[in-house]
Amino acid sequence: MTQQPPDDTNRQLGECPHCGRDVPVGAFCGNCGASLTAPAGGGRLHSYAVSPGEHVARPAIISTLFPHLPQRHANVFREALGVGVLIVILLAALRLYTSALIASAVLLPLLYLLYLYEAEVYEEEPVAVLVATFVTGAALGTGYTLVTQHFAAVALSGNVRGPFITGVVQPVIAQLLMIAGPLLLYARGRFTETLDGLAFGITSALGFTLATVLAGYWHTFTAPLVGEGAVSADVVLRVLRAGILVAIVNACTSGTITAMLWQDRRGRAARRRAGSWRGRNAAIWVAFLTQIALGVISYYIGSLVGLVALWALAAVLLLVWLRILLHHALLDDATDIGVGPTSPCPECHYLVPTMNFCPACGVDRQAAPKQRRAAEGGTGMAPSHG
Amino acid sequence: MASQYGPWGGYPAAPSFGGGQKVGRGRMLGVGGGALAVIVFVITLIAVLVRVVPTPCSRGCGPAGGLQVGTAQVYTNQKWGYSVPYDPSVFSIGGQNADGVTLNSSDGNGSIQFSATSGNNVNGANQTALNALPSSQFQGVQQIGPVRGAEVGLVDGQGTAYSGQYVDSSGISATPIGVVIFSATQNGVTITVTAFSSASNDNADGPYGLSIGQELDFPVTFATWKGQ
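Predicted, not measured: the structure shown is a model, and the values here were computed from it.

1. Focus on the overall build of chain A
Inference 1: Tallying secondary structure elements over chain A gives 12 helices and 4 strands in all.
Inference 2: When each of the 386 residues of chain A is scored for burial, the buried share is 60%.
Inference 3: Pairs at least 24 residues apart make up 68% of the contacts formed inside chain A by residues separated by at least 6 positions.
Inference 4: On chain A, roughly 13,900 Å² of surface is accessible, and the fraction owed to carbon and sulfur atoms is 66%.

2. As for the overall build of chain B
Inference 1: Counting its secondary structure elements, chain B contains 3 helices and 10 strands.
Inference 2: Element order for chain B, N to C, with α for helix and β for strand: α-β-β-β-β-β-α-β-β-β-β-β-α.
Inference 3: The long-range fraction of contacts in chain B, counting pairs at least 24 apart against all pairs at least 6 apart in sequence, stands at 49%.
Inference 4: On chain B, roughly 11,200 Å² of surface is accessible, and the fraction owed to carbon and sulfur atoms is 54%.

3. A few points about a nonpolar patch on the surface
Residue and element names in this part refer to chain B.
Inference 1: Nonpolar side chains collect at one region of the surface, where V38, F41, V42, L45, I46, L49 and V50 lie side by side and expose about 660 Å² of accessible area between them.
Inference 2: With respect to the helices, strands and loops of the structure, L49 is situated in helix α1 (residues 25-49).
Inference 3: Under the relative-accessibility criterion, L49 is labelled exposed at 67%.

4. Things to note about the pattern of salt bridges
All names here are of chain A.
Inference 1: Following the criterion strictly, the structure yields 10 salt bridges over all chains and no others.
Inference 2: Between E54 and R78 there is a salt bridge whose closest N-O contact spans 3.9 Å. Of this pair, E54 sits in the loop between β2 (22-24) and α1 (62-65) while R78 sits in helix α2 (residues 71-93); the two residues are 24 residues apart in sequence, bridging distant segments of the chain.
Inference 3: With a relative accessible area of 5%, E54 lands in the buried category.
Inference 4: Through salt bridges that share partners, E123, E124, E125, R188 and R190 make up one connected network.

5. Considerations on the packing of aromatic side chains
Inference 1: What the rule picks out here adds up to 14 aromatic pairs over all chains.
Inference 2: Centroid distance A:Y144 to A:F208: 5.6 Å. Interplanar angle 40 degrees. Geometry classified as tilted. You can see A:Y144 sitting in helix α4 (residues 126-152) and its partner A:F208 sitting in helix α7 (residues 194-216), a full 64 residues away along the chain. For the pair A:Y144 and A:F208, one class covers both residues: buried.
Inference 3: Seen from their ring centres, B:Y75 and B:Y82 are 6.4 Å apart, and the 65 degrees between their planes marks the pair as edge-to-face. With respect to class, B:Y75 is no different from B:Y82; both count as buried.
Inference 4: Cluster of aromatic residues (ring-pair linked, three or more members): A:F66, A:F77, A:Y112 and A:Y115.
Inference 5: The ring centre of A:F191 lies 5.1 Å from the NZ or CZ of A:R190, which sits over that ring.
Inference 6: In this structure, A:R323 packs its charged tip against the face of A:Y48, placed 4.0 Å from the ring centre.

6. Brief notes about the pairing of strand β8 (residues 155-167) of chain B
Within a regular strand, the side chains alternate between the two sheet faces.
Residue and element names in this part refer to chain B.
Inference 1: Most of β8 is tucked away: 10 of the 13 residues are buried.
Inference 2: Summarising the sheet, strand β6 (residues 138-146) and β8 pair through 6 bridges and their orientation is antiparallel. If you follow G145 over to β8, its bridge partner there is A161.
Inference 3: In this antiparallel pair of consecutive strands, strand β7 (residues 151-152) and β8, the connection spans 2 residues, and G153 shows a positive phi of 60 degrees.
Inference 4: Pairing geometry for β8 and strand β9 (residues 174-186), over 11 bridges, is antiparallel. Across the sheet, residue G159 finds its bridge partner in β9, namely F182.

7. Quick look at the confidence of the model for chain B
Residues and elements named next belong to chain B.
Inference 1: Put simply, chain B has an average pLDDT of 80, and 82% of its residues get 70 or more.
Inference 2: Mean pLDDT across the secondary structure elements of chain B bottoms out at helix α3 (residues 213-221), with 82, and peaks at helix α2 (residues 122-132), with 93.
Inference 3: When the criterion is pLDDT under 50, residues 1-6 qualifies, and its contacts beyond four places in sequence or with other chains add up to 10 contacts.

8. What about the packing of helix α3 (residues 97-119) of chain A against helix α9 (residues 233-265) of chain A?
All names here are of chain A.
Inference 1: Here α3 crosses α9 at 20 degrees, and the two axes come no closer than 8 Å. Considering the angle they form, α3 stands roughly parallel to α9. Between α3 and α9 the crossing geometry is right-handed. Judged by residue contacts, Y97, A100, L101, S104, A105, L107 and L108 of α3 engage V235, R238, V239, A242, G243, I244, A247 and I248 from α9.
Inference 2: Looking at the contact of α3 with α9 residue by residue, the classes come out as 12 nonpolar, 2 polar and 1 charged.

9. A few points about α2(B)
Residues and elements named next belong to chain B.
Inference 1: Of all the residues in α2, the buried ones are V122, A125, N126, A129 and L130. Seen along its axis, α2 keeps its buried residues to an arc of 135 degrees; they face one direction. Opposite its buried face, α2 presents the exposed residues N123, T128, N131 and A132, each directed more than 90 degrees away.
Inference 2: In the core, the buried residues of α2 are packed alongside β6, β8, β9 and β10 (189-198).

10. Quick notes on the confidence of the model for chain A
Residue and element names in this part refer to chain A.
Inference 1: Looking at chain A, the pLDDT average stands at 84 and 85% of residues meet or exceed 70.
Inference 2: Looking over chain A, one finds the lowest element-wise mean pLDDT in helix α12 (residues 370-377), namely 63, and the highest in α1, namely 95.
Inference 3: Counted against residues more than four places away or in other chains, residues 1-8, with its pLDDT under 50, gives 18 contacts.
Inference 4: Contacts from residues 378-386, a stretch scored under 50 in pLDDT, to residues over four places away or in other chains number 30 contacts.

11. What to know about the pairing of β10(B)
Residues and elements named next belong to chain B.
Inference 1: Counting buried positions along β10 yields 10 of 10 residues, so the element is predominantly enclosed.
Inference 2: By the bridge criterion, 9 bridges tie strand β5 (residues 110-118) to β10 in an arrangement that is antiparallel. Bridge pairing in β10 places S115 opposite T192.
Inference 3: Counted along the chain from β9 to the antiparallel partner β10, the turn is 2 residues long, and its residue N187 has a positive phi close to 55 degrees.

What counts as what
- Residues numbered from 1 in each chain as written.
- Chains lettered and ligands numbered in written order.
- Predicted model: local features only at pLDDT ≥ 70, side-chain atom pairs only at ≥ 80, totals over all residues.
- Heavy atoms only, no water.
- Helix = DSSP H or I, 4+ residues; strand = E, 2+ residues; numbered from the N terminus.
- Buried < 20%, exposed > 50% of the residue type's maximum accessible area, 1.4 Å probe, protein only.
- Contact = heavy atoms within 4.5 Å.
- Areas by Shrake-Rupley, 256 points an atom, 1.4 Å probe, with all protein chains shown as cover.
- Patch = residues over 30% accessible without salt bridge, like charges linked within 9 Å, V, L, I, M, F, W, Y side chains within 5 Å.
- Salt bridge = Lys/Arg side-chain N within 4 Å of Asp/Glu carboxyl O.
- Phe/Tyr/Trp six-rings, centres within 6.5 Å; stacked < 30°, edge-to-face > 60°.
- Lys NZ or Arg CZ within 6 Å of the ring centre and 35° of its normal.
- Pairing = 2+ DSSP bridges.
- pLDDT = per-residue confidence, 0-100.
- Axes fitted to C-alpha atoms, helices over the stretch in contact; angles between N-to-C directions.
- Parallel < 35°, antiparallel > 145°, perpendicular 65-115°, else oblique.
- Left-handed = near helix turned anticlockwise from the far one by under 90°.
- Nonpolar A, V, L, I, M, F, W, Y, C, P; charged D, E, K, R; others polar.
- Arc of directions from axis to C-beta.

The structure is reproduced here in C-alpha cells:
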C-alpha cells in the first residue's frame, strides 16, 4: 500500500491476495485478473474475462466466437447476426429454399470475415491468414463433400454406409480437415496468442462448413421446382440446422482445439496441473467425441425436430465449454508485466493503468482489438501476455 | 467532477473515446448486408440458370428391356401370404420383418418397401407409410399428385407421388428424390408399397420423378396375393 504507480493517476497499490503482486486498487487484479471484491475471486466465474458483464457459463455466440470485440462493437455484430437469422427464417418460411439456405450458410462466415477485419487478428498478413484458414477450409470442405458424395451416391437406400462410416469416420475426417489450415499457421509460429488460435480455427471451420453446404446441397438448388408452396416450419428447421447450427458446432470444436494448441505451444499453461480437465488433450478429446456423438446420434434420429433440437443443444453446450476454456486460458496466460501507463480501457472506457487486465472492469487486454493495442504500444506497453 | 469517475476504484472516464471502430452500423449494413445480398443473389441466379428442366418423352421412348422369365427371385411373406418377385441383378433384400420386405436397388439409388396389414383402409395405410418416413432424412416432401394406375399384383389401388430431398445421415449433402406411396387391398389385407429413388428429370423414363420407376414395375406388377 505504499508504492505509487509510474503514471499521472497517482493510484494506490495493494497486494492481490491471489497472485501476491502489488497492483492498483480496483475491482480486479490487473496482474492475474482475479476479482478483488468477490469472496472466491480467483476463478471469477461471474465475470467472463472477455466480456466481464457476462457470466462465464452464458451461451453467447458473439462474445465467445468474436472475443476481440469490445461490448460497444459487439452490439453491432449481435444485431447483424439477429437480423441475418430473421432474414433466413423469413426466406425459408416463404419457401425460397435456395436463397434461405445460401443466406444461412453465408451469414456466419461473412460476419466472421468482417470481425477479422475489425479486430485485425491477421496483423500485417491478411492474405496469408485468410488463405491458410478460410480459403483452405473452403477448398478442403469442397473436396471432402465431392469425395463423400461420390461414395454416397450408392447410399441412398442406406445399404452401403452404416453408422460407423457416417457417424465416426466422416466426422473425424471432417474435423481433421477443419484444423488443417490453422496448423500451417501454427507451424510458422508468427501468431502466438490463444485468441489467435481460436480465430484461425473458427475461420477455417466456417469456410469448411460454407463449402460443404454449397457443394453438398447444390443438387437441391438446381433441381426442378415441383410441388405447391406454403409456409413451412420444416423448411425453416432444416435451413437453420444446415446453415447455422452446424456452423456453430464446427466453429466451437475447431476453435477449441486450435485455441488450446496455441496456448500450449509456449508452455504458458504450465501453471495448470498436468492432466487438467481443461488442458489441451481434454479439449481435443471433447471436440472429436462431440463430433462423433453427433454423427452417431444423428444417424439414428428419425425426427427432424429431434435432430434440430440435438444440434441446438450441442451448440449451446459447446459454446459454454469453449467459454470456460477460454476464460481460464486467458487467466492462465497472464504473465507478470508490471503496471503500465494510463490508457483507456477498450471495454469500460475508464482511464486505467495498462496491465494484463483492466483493474476497473476486469476485461483481459488480450481481448482488445489488435490495432488498439498496437496504438497503445506506441505510448507505452501493449499487453499481449506473450 | 464526481460524474467523471467510475464505480470501480474511482478511475476517471476517458475524456473522449472514439473507439476506433472500423465496422460500425453503417458499414455493417452497407458492406455486410450488401455482400450477403449479392452472394445470395449470384449463387441463386447460377443455380436457376443451370437448373435442370425435365424432358418429357416425345417419341420412341418405350420401356427398357424387361426381366427374362426364370431369372427372378421371389420373396414370400409367411404371415400374409403374398409374394414379391425381383430381379437379383437389380434388387437385393435390405431388410424384412413379419409384415414385409425392403428391396434396395443394387446401385444404391433407391428402395422399395412392401408392407401388409389387416383391413381395407387404403388411405389410412398410405398415410401411415408417409408418416413413417424419417423426417430427418426425408425433408421437404411435397405432394405432386395421384399415382395413376396404381396397382399391386394386378389389384387396383390408390396412392400419391411426392418430391423431396434425401439428406444424408451426416447432414452434409442432400439429393433430390421422388417418392411414391400406394396401397391396394384384397380379402381383408392391405399391401402398401413405398418406393423412393433419386429424382429423374425424364418424365417418360422416370414416372413420377423416380429414376428407378421402370425397375419398380416388375416386383409391383407381378406380386401375388394370398391364394392367387
